[in-house]
Number of protein chains: 2
Amino acid sequence: MKLFPYFIPFLFAIMSPAAELNVMPLPAQYSAQPGHLTIDGHFHIAATGYSEPRLDRALARFVDRLTRQTGIPFPEALKPGAAATLTIRCKAASKLVQQLGEDESYTLTVGDGGAKLDAPNPLGVLRGLETFLQLVVQDSRGFGIDGISIEDRPRFPWRGLMLDVSRHWMPVEVVRRTLDGMAAVKMNTFHWHLSDDQGFRVESLRYPGLQRLGSDGHYYTRSQVRDVIAYARDRGIRVVPEFDIPGHTTSWLVSQPEIGTAPGPYQIERHWGIFDAALDPTKESTYKFLDGFIAEMTKLFPDEYFHIGGDEVNGKAWTASEHVQKFMRAHGIQNNHELQRYFNRRVQPMVKKNGKRMEGWDEILDPDLPKDIVIQSWRGQKSLVDAAKQGFSGLLSAGYYLDLMQPAEFHYLNDPINEDAASLTDEQRSRILGGEACMWVEYVTPLNVDDRIWPRAAAVAERLWSPQNVRNVASMYQRLEFMSRRLEMVGLKHRENYRVMLERLAGTDRVGPLRVLADIVEPVKLYERGESREYTQFTPLNRLVDTARPESDAGRNFRYAVAAKNWPAVRRTLLMWRDNDALLRPMLESHALLKEDVPLSTNLKRVAEVGLQALDHIEHGGPLNSDASAVLSDAKKPVAELLLMAVPGVEALVTTAATGAQ
Amino acid sequence: MKLFPYFIPFLFAIMSPAAELNVMPLPAQYSAQPGHLTIDGHFHIAATGYSEPRLDRALARFVDRLTRQTGIPFPEALKPGAAATLTIRCKAASKLVQQLGEDESYTLTVGDGGAKLDAPNPLGVLRGLETFLQLVVQDSRGFGIDGISIEDRPRFPWRGLMLDVSRHWMPVEVVRRTLDGMAAVKMNTFHWHLSDDQGFRVESLRYPGLQRLGSDGHYYTRSQVRDVIAYARDRGIRVVPEFDIPGHTTSWLVSQPEIGTAPGPYQIERHWGIFDAALDPTKESTYKFLDGFIAEMTKLFPDEYFHIGGDEVNGKAWTASEHVQKFMRAHGIQNNHELQRYFNRRVQPMVKKNGKRMEGWDEILDPDLPKDIVIQSWRGQKSLVDAAKQGFSGLLSAGYYLDLMQPAEFHYLNDPINEDAASLTDEQRSRILGGEACMWVEYVTPLNVDDRIWPRAAAVAERLWSPQNVRNVASMYQRLEFMSRRLEMVGLKHRENYRVMLERLAGTDRVGPLRVLADIVEPVKLYERGESREYTQFTPLNRLVDTARPESDAGRNFRYAVAAKNWPAVRRTLLMWRDNDALLRPMLESHALLKEDVPLSTNLKRVAEVGLQALDHIEHGGPLNSDASAVLSDAKKPVAELLLMAVPGVEALVTTAATGAQ
């Protein structure tokens, strides 16, 4: 009993570029080859060369996923003996603890005779298996892969995703499926933001008060942490823990007020923002605590890097503290920034003596720190370049903040090595290790976290893996759509939970008109969320703004249709939008959570009317609406923290009409 | 970019009966009360009276689910102190091992002042919490419950669901979410069909060959079994294991050929049907084996009942065996049926001496067995009545076979106590303990198992819980639709996986026209599946017949619309069906798995054309199509094992046109 929801996108599809290889990230090199490999119940794998239990598990997972993708059981796939459909040759072991810069290359050839996957180590095999799965499609012959030859390797060695689990708790299942998604797009570093003002999320044996008083009971046990690390390693992913100090530490100070600058008592922070609480950098007891803490946590987390945060220290507690001021005077410390440098110089050797390298946000950049630390830039590419010039390695996160609700295109075109890097020598440039997409979770719950990360993170993954000149946005969006569905096959819930949230808002599964509205809005951008409402950790995140996707495909497709002058598609869409308000209004008015969206629905109708008039003018020379610009400028204003993404396309339409172009 | 997929169902909704209490199963007694309880962030529970860890866990789950349903975090819900929104009073403990016939009653009152849930034991609390969750809806005031008073208790003590995990392996996750669904609809018995010709699915310590050679590596470890039992107990569900003997035992005999009738060797059966392999009832070694096996398994499974199967023994192996024939002559055993009786009489004491009651399918009915056994009738209500007359307890499964693809209505109206029971005394009638929905999995995988069970099992659950006179089919369907969405909130995947399977068939998420077709077809009924194709355990179940739902809502809604003479809705639907073929054809022809559905799509178009002509006649007196009956009778034939459910409604329309009714 459905009309044709796919009808219009299908028409848009014809405007897309010639189909590129439908793999994401796009391999470094590939070429079509003759032949075709059929995937049927006789599919069989021969694994030769180096073997290890991790590879066996990877192959078992691979076969399960191939079954899920095709619906074909493969009872013989891993049994010895039969002729191989896929021959895997793994040359040697990789490092026991996965290291930055390990070889991840592989070659994959597919033809009539079967497929061959060669890699120097298990990491390359893991990457190649993901590519293989993406290549399998159904056509009139059945499931299979067209002949191809691929030589692939990543552009950057550090391709990460950061997940904040402090501001809203993210259960282990969320972490696990996030790792599955990362592996599918060949990301190799999971940056686990484990503590912040709003929660301390790891079990400490040495300081159990941290989780007991700082987590509301929501923390990962040590055994869960070990499981996650093993799970990540199985997928070729490093796990870098972050314990953010000396700021962002309110949750620590609930149990450890004695190492805070102000006397306390402290309570877990429930609001969002930058807070005054900070460790006291002048007390030896602070360093004694940190020495013990770092010793414990560096043992729990095997990765070579240990992230100490270091961002957004506002210094107010230090300025207000008499004894801190006295200490600064006594030690000739000029300002709070210098005081944080002093703190970092005390902390770095603690990290080092446990065999680790220190990592921190760009605020920790300090020429006097050893050059083996890593700077994560959230403030811009320039600080990355500055760091590289000073001899520091760094990675880019500025431009990769997924929580800021920017389109995939924006992140995709944000290159770690951009014009700022022009002045770097090759050696300096090699210090730019890659980047990390970041997911801060002030406005994110386990129900919408997938939707906030995926599929946009796949665009970042391609930026960091594929050659620099791979930057065709239309091709990226085309492949992203396929990738989005494949990510769901891996276990992510970004598509399912969108529907679940819409149905929760509506109280029914008849969400058609609500979905029409939800599909064409986007949450406000950057840091605008929360400017018009007060949020705490306990504010329900169950409104349309929490449901709407960061990027409206409907809005983008409409803009494309206007640009392509596909007037029949443009008209159908505008008619649908115009008529939606009447269908949706009763639902909006009878549901407390939806009432605030009434003006949004009205705006959609008005904007569509403006668009239809412009279209009539273009097609039949009808009169132009003199109110158009007022309507459009009104509809641009956020309503219920949502932006109406029909506006840009209609604006373009009105411009086309006004300039008389046909 | 969607047209209005919900548009038509919305119109149908107006024909539904006045909204009954939106709870499933419908409570025994209830009445509206003044007042309204708001559910917001201050929601708080006070649990008084008897307490136990199981109840604590139930409350934690309850709060999580309430959050999932509303999006509201309830940080204070379980903390002591605050004024209670929901006061729970549990009088006393229930049995350590849940017993058949334990009290499951509860009372629930909701008003301005809060909600009160009273129950004699934790089982009643569990049932009442499910009702509470179903009552919560959003209206213009927010989330809440309208005032109500409920006194509820089940009609039958045995309300079960049987899941076959032998013919296709069902991982523990499937079992777990099935238990969650059962709890949501107040079912209390999980019947785990653990062995059959095609697989032996439990780890045995005493006879490890059973799982080693009989399971393809797909079996539950003892620790997983214990976890499932604990998980079920937490939800007020008994777990009754079934080990089907003496037939259906091919998988056992792979490792234990010496207890088989034929000499072997045996291999795991890969086909479907009734096979000759049977335990040898004449050898003492068989009973020695079973004595050890039953001793082990009755310890692993704590429930009082132990199911020995006993169905479908074709006796061919016995007839063909010289030594069996000799034994029968020596013991005066007349036929194979008598021989099976002899076998059962040897087995029953083994079950008994381990403190259990024996259960079996209706074939085991034997006046000479002790009266404490339970007969599960799969062949009809009559055998249940016969058993009751002979003093045996029994439960009904005939009419509850969900794998036969019958509509919810059919199962719903199938009462364990029907006209056959008219001749029973009250005491005899009380021996009818309830029923069990059965899910045999020849054509079922973990991907579509939810869809095959749910939501139809909820209709069976209501039959077994609610008063006998609750049998309004329209009300049932209306509530089933809500229940279906709620079951998804519990974790079931029947709705999600439908989409996943459609998208897999299509290779894209633009599945609109494919979904139009899928929505209006149903798999063939009863035992027709497999008649036109050969299936084995390894046959991919990835076609449209594996995706299409057992019952087409679109077909039923269309029939309702025709009956209600809702001509505008009827026309819209017919136009959609008529035009769908052109949109869908390119996809069907370019996908190997979909090619077989081309005639189905053509039939839908033809049937819609016949319907439109009939409608034109009704509305405008247009000419009637003389080919109508040929088209319809052709379209009734299964295509690719699918039935076109547009036919019945169009037939009704043609009849209406022909009889001149307006």
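You'll find the structure just up there.
Everything in this summary refers to the structure shown in the same document. Predicted model, so just to flag it, every value in this text is computed and none were measured.

## A few points about the overall build of chain A
And then number 1: Check the secondary structure of chain A and you find 25 helices and 18 strands.
And then number 2: A compact globule built from 662 residues should have a C-alpha radius of gyration of about 26 Å, and chain A, at 27 Å, falls within 12% of that.
And then number 3: Expressed as lengths along the three principal axes of its C-alpha atoms, the size of chain A is roughly 80 × 70 × 50 Å.
And then number 4: Burial status across chain A gives 63% buried among its 662 residues.
And then number 5: Contacts in chain A between residues far apart in sequence, at least 24 positions, make up 77% of those at least 6 positions apart.
And then number 6: When the accessible surface of chain A is totalled, it reaches about 23,300 Å², and 53% of it is carbon and sulfur.
And then number 7: Taken as two groups, the 78 positive and 84 negative side-chain charges of chain A have centres that lie 2 Å from each other.

## Description of the relation of the copies chain B and chain A
Between the two copies of the chain lies a rotation about an axis combined with a shift along it.
And then number 1: Mapping chain B onto chain A calls for a screw motion: a turn of 180 degrees about the axis and a shift of 0.0 Å along it, with 0.0 Å RMSD after fitting. Taken together, the rotation angle and the small translation identify this as a two-fold axis.
And then number 2: When the interface residues of chain B are mapped onto chain A, 100% of them are again interface residues, pointing to one common binding face.

## With respect to helix H18 (residues 494-506) of chain A
All names here are of chain A.
And then number 1: A rise of 1.5 Å per residue sets the reference length of H18, with its 13 residues, at 18 Å; its end C-alpha atoms lie 19 Å apart and thus fit the reference within 8%.
And then number 2: The element H18 is largely enclosed, with a buried count of 13 among its 13 residues.
And then number 3: Positive backbone phi, approximately 70 degrees, marks Gly507, located one or two places after H18.

## As for the nonpolar core
And then number 1: B:Phe132, B:Trp192 and B:Phe301 are the most contacted members of the largest nonpolar core, which has 193 residues in total.
And then number 2: In terms of residue count, the dominant contributor to this core is helix H23 (residues 598-620) of chain A (10 residues).
And then number 3: Aside from chain neighbours lying at most four places away, what touches B:Phe132 is B:Leu37, B:Ile39, B:Phe43, B:Phe62, B:Leu86, B:Leu108, B:Ala115 and B:Ile145.
And then number 4: Ranked by size, the runner-up nonpolar core spans 186 residues in total, among them A:Phe132, A:Leu179, A:Tyr266 and A:Phe306.

## A short note on the environment of B:Asn542
And then number 1: With respect to the helices and strands, the residue B:Asn542 is situated in the loop between strand S17 (521-523) and helix H20 (544-547).
And then number 2: Every residue in contact with B:Asn542, bar those within four places of it in the chain, is listed here: A:Thr70, A:Gly71, A:Ile72, A:Phe143, B:Arg504, B:Leu505 and B:Leu593.
And then number 3: A distance of 2.6 Å separates a polar side-chain atom of B:Asn542 from the backbone oxygen of A:Thr70.

## Examining the pattern of salt bridges
And then number 1: Under the counting rule described, the total for this entry stands at 111 salt bridges over all chains.
And then number 2: A salt bridge links A:Asp366 to A:Arg345, with the shortest nitrogen-to-oxygen separation between them at 2.9 Å. In this pair, A:Asp366 is assigned in the loop between strand S13 (357-361) and strand S14 (374-377) and A:Arg345 in helix H11 (residues 336-353), connecting sequence segments 21 residues apart.
And then number 3: The class for A:Asp366 is buried, based on a relative accessible area of 1%.
And then number 4: Ionic pairing is found between B:Arg578 and B:Asp579, a salt bridge with its closest N-O pair at 2.9 Å.
And then number 5: Put simply, A:Arg529, A:Arg533, A:Arg543, A:Asp546, A:Glu596 and A:Glu641 are held in one network by salt bridges that share partners.

Rules used throughout
- The written sequence of each chain sets the order in which its residues are numbered from 1.
- Here the convention is simple: chains get letters from A, ligands get numbers from 1, in the order in which they are written.
- In keeping with the predicted nature of the model, local features appear solely for residues at pLDDT of at least 70, side-chain atom pairs appear and are counted solely at 80 or more, and the whole-chain, interface and lining totals rest on all residues.
- To obtain the side-chain values, all non-hydrogen atoms of the structure were included, while hydrogens and water were left out.
- Note on conventions: DSSP H or I runs of at least 4 residues are helices, E runs of at least 2 residues are strands, and numbering of each starts at the N terminus.
- Note on method: radius of gyration uses C-alpha positions; expected globular size equals 2.2 Å times residues raised to 0.38.
- For each residue, the accessible area found with a 1.4 Å probe, counting protein chains only, is set against the maximum for its type, and the residue is called buried under 20%, exposed over 50%, and partly exposed in between.
- In this description, contact between two residues means that some pair of their heavy atoms is separated by no more than 4.5 Å.
- Accessible areas in this description were obtained via Shrake-Rupley with a 1.4 Å probe; residue shielding takes into account the shown protein chains only.
- Counted as positive: Lys and Arg. Counted as negative: Asp and Glu. His and the chain ends are not counted at all.
- Every charge is mapped to an atom, namely NZ of Lys, CZ of Arg, CG of Asp or CD of Glu.
- Least-squares fitting of one copy onto the other uses the C-alpha atoms of those residues that reach a pLDDT of at least 70 in both copies.
- Expected span of a helix: the number of residues minus one, times 1.5 Å.
- In this description, a nonpolar core means a group of buried Ala, Val, Leu, Ile, Met, Phe, Trp, Tyr and Cys residues linked to one another through side-chain atoms lying within 4.5 Å.
- Each polar contact in these results corresponds to two N or O atoms within 3.5 Å; when the atoms are within protein, one needs to be able to donate a hydrogen and the other to accept it, and residues that are neighboring in sequence are counted only if both atoms are side-chain atoms.
- A carboxyl oxygen of Asp or Glu within 4 Å of a side-chain nitrogen of Lys or Arg is what we treat as a salt bridge.

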